[in-house]
Amino acid sequence: MKISRRAFFKYIKKELPTVTFEEIVTIERAYEFAKTAHAGQTRANGDPYFQGHCVPVAMHVIDLGMDSTLICAALLHDTIEDTSVTVEDIQTEFGDDVASLVEGVSKLGKLKYRGNERHVESLRKFFVSIARDVRVVILKLADRWHNLETLQYLPEEKQKRIALESIMIHAPLASRLGMGKLVTTINDLAFPYAYPEEYTKTKKLMVARLKKAEGTIKKIYRGMLVTVNASIGYTPQIDKRVKGTYSLYKKLERKHWNEDEIFDIVALRVITHTVADCYSALGAVHNHWRPVPGRIKDYIAVPKPNGYQSLHTAIFSGDGPI
Ligand code: MN
């Protein structure tokens, strides 16, 4: 899929409403510069390289909450590696910051996972040491995200290598940066290519369980809105999150494929205004539904190493595990 110039700039203004006129002018310059540099190049699916890859990567950078400097770097991210543009050219046109980001991501591109599991940790360390600027890693993750989205066009051998590399290197890096949603995105895009049989088996199990639990989830969702509201005095935001396929697979492996030990295929995420309301909400939930013993986790008092904070619990639905 290629993105038109108009759609791209519309996306920036919509998702980044604080962007200034000066920033837009610079992004436009980076757009034209990179488009010219990649002229004539195509992707495996026949799309023009720039509109079919560099622009979607720049959009993913926006999805990850980054600013106009990183948008420019994303548009330019493959110019040093794949065109006659040099780091000095980028320095002259767009300054040191953008140039060092593009240079960093080009160096990372040379590292490849060759199937040696013992090599993974050192590869990860290498990654971090080269990317002293965390934005380089984020740019690389946006690049990988889009490459995974277009994996179907590559030869099978390459699909498998990229998918395994993403699960072993890129997803753990995203996790270390506290980008939980991106971890799930990367793993779930890569899973079918990395381990096709295990993927099919896991997906089948998940679909069956979701179908069975649909009514129960709706019932608890409605009950939770009312119960928590009564406790905190306003209607909280409640999101339904479905466990990622890869994450479910890992858990099934740990539980030796004993389905009855999986309780968290679906979870409800209750978002309150204050920390005190969060504890009140948990109390109200436990007062209304019986909690499963030993499943309460207070990540507010004890945050995860990546800074994640919330309260976790499991409750008996009365309809068996979801
Ligand atoms: Mn790229």
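This text gives an overview of the structure that appears in the document.

Procedures and definitions
- Residues numbered from 1 in each chain as written.
- Predicted model: local features only at pLDDT ≥ 70, side-chain atom pairs only at ≥ 80, totals over all residues.
- Heavy atoms only, no water.
- Helix = DSSP H or I, 4+ residues; strand = E, 2+ residues; numbered from the N terminus.
- Contact = heavy atoms within 4.5 Å.
- Salt bridge = Lys/Arg side-chain N within 4 Å of Asp/Glu carboxyl O.
- Donors = N, O, S within 2.8 Å, 3.2 Å for Na, K, Ca; no water.
- Buried < 20%, exposed > 50% of the residue type's maximum accessible area, 1.4 Å probe, protein only.
- Phe/Tyr/Trp six-rings, centres within 6.5 Å; stacked < 30°, edge-to-face > 60°.
- Polar contact = N/O pair within 3.5 Å; in protein donor to acceptor, adjacent residues only side chain to side chain.
- Core = buried A, V, L, I, M, F, W, Y, C linked by side-chain atoms within 4.5 Å.
- Axes fitted to C-alpha atoms, helices over the stretch in contact; angles between N-to-C directions.
- Parallel < 35°, antiparallel > 145°, perpendicular 65-115°, else oblique.
- Left-handed = near helix turned anticlockwise from the far one by under 90°.
- Nonpolar A, V, L, I, M, F, W, Y, C, P; charged D, E, K, R; others polar.

### A word on the overall build of the chain
Part 1 of the argument: Assigned secondary structure in the chain consists of 13 helices and 4 strands.
Part 2 of the argument: For the chain, the spread of C-alpha atoms along the three principal axes comes to 65 × 45 × 35 Å.
Part 3 of the argument: Contacts spanning at least 24 positions in sequence make up 67% of the contacts within the chain whose residues lie at least 6 apart.

### What to know about the pattern of salt bridges
Part 1 of the argument: Counting across every chain of the model gives 12 salt bridges.
Part 2 of the argument: Across the salt bridge formed by Asp-97 and Arg-135, the nearest N and O atoms sit 2.7 Å from each other. You can see Asp-97 sitting in helix α6 (residues 87–108) and its partner Arg-135 sitting in helix α8 (residues 134–149), a full 38 residues away along the chain.
Part 3 of the argument: A single salt-bridge network, built from bridges that share partners, covers Asp-97, Asp-133 and Arg-135.

### Here's the deal with unusual backbone geometry
Part 1 of the argument: Positive phi outside glycine occurs at His-256, with the angle close to 50°.
Part 2 of the argument: Here His-256 shows up in the loop between α12 (245–254) and β2 (266–271).

### Brief notes about the coordination of the manganese ion
Part 1 of the argument: The manganese ion binds to the protein through His-53 (NE2), His-77 (NE2), Asp-78 (OD) and Asp-143 (OD); the donor distances cover 2.2 to 2.3 Å.
Part 2 of the argument: Sequence spacing of the donor residues for the manganese ion, all on one chain, is H-x23-H-D-x64-D. Here Asp-78 lies in the loop between α4 (68–75) and α5 (79–82) and His-53 lies in helix α3 (residues 49–63), a separation of 25 residues in the sequence.
Part 3 of the argument: Relative accessible area serves as the criterion here: at 1%, His-53 is assigned to the buried category.
Part 4 of the argument: Judged by relative accessible area, Asp-78 falls into the buried class, the value being 8%.

### So, the packing of aromatic side chains
Part 1 of the argument: This model, assessed by the stated rule, comprises 12 aromatic pairs.
Part 2 of the argument: Measuring from centroid to centroid gives 5.4 Å for Phe-191 and Tyr-199, while their planes differ by 90°, and the two rings are edge-to-face.
Part 3 of the argument: In this structure Phe-191 comes out as buried when scored by relative accessible area, which is 0%.
Part 4 of the argument: Ring centres of Phe-191 and Tyr-246 lie 5.3 Å apart, and the angle between their planes is 75°; this geometry places the pair in the edge-to-face category. On the criterion of sequence distance, the pair formed by Phe-191 in helix α10 (residues 180–194) and Tyr-246 in helix α12 is long-range, its members being 55 residues apart.
Part 5 of the argument: Using a relative accessible area of 8% as the deciding quantity, one classes Tyr-246 as buried.
Part 6 of the argument: The rings of Phe-191, Tyr-195, Tyr-199, Tyr-246, Tyr-249 and Trp-257 are connected pair by pair, giving a single aromatic cluster.

### Re the environment of Ser-106
Part 1 of the argument: One can find Ser-106 in helix α6.
Part 2 of the argument: Here the alpha-carbon distance between Ser-106 and Asp-82, two residues 24 residues apart in the chain, equals 9.5 Å.
Part 3 of the argument: Not counting the four nearest positions on each side in its chain, Ser-106 is found in contact with His-77, Ile-80 and Glu-81.
Part 4 of the argument: Only 2.7 Å separates the side chain of Ser-106 from the backbone oxygen of Val-102, close enough to count as a polar contact.

### Thoughts on the nonpolar core
Part 1 of the argument: Counting residues in hydrophobic clusters, the biggest one holds 66 residues, and the most contacted among them are Phe-8, Ile-12, Ile-71 and Leu-75.
Part 2 of the argument: For Ile-12, the residues in contact, after removing those within four places along its chain, are Pro-17, Val-19, Ile-24, Ile-27 and Ile-62.

### Details of the environment of Arg-135
Part 1 of the argument: On the accessibility criterion, Arg-135 (21% relative accessible area) is partly exposed.
Part 2 of the argument: As for Arg-135 and Thr-69, which are separated by 66 residues in sequence, their C-alpha atoms are 10.0 Å apart.
Part 3 of the argument: Each residue touching Arg-135, except ones within four places of it in the same chain, is listed here: Thr-69, Leu-70, Asp-97 and Leu-101.

### Let's talk about the packing of α3 against α8
Part 1 of the argument: Axis separation between α3 and α8 bottoms out at 8 Å; the angle between their running directions is 125°. Considered as vectors, α3 and α8 are oriented oblique to each other. α3 and α8 meet at a crossing whose hand is right-handed. Contact residues: α3 offers Gly-52, His-53, Pro-56, Val-57, His-60, Val-61 and Asp-63, while α8 offers Leu-139, Ala-142, Asp-143, Trp-145, His-146, Asn-147 and Glu-149.
Part 2 of the argument: For the contact of α3 with α8, the per-class residue count stands at 6 nonpolar, 5 polar and 3 charged.

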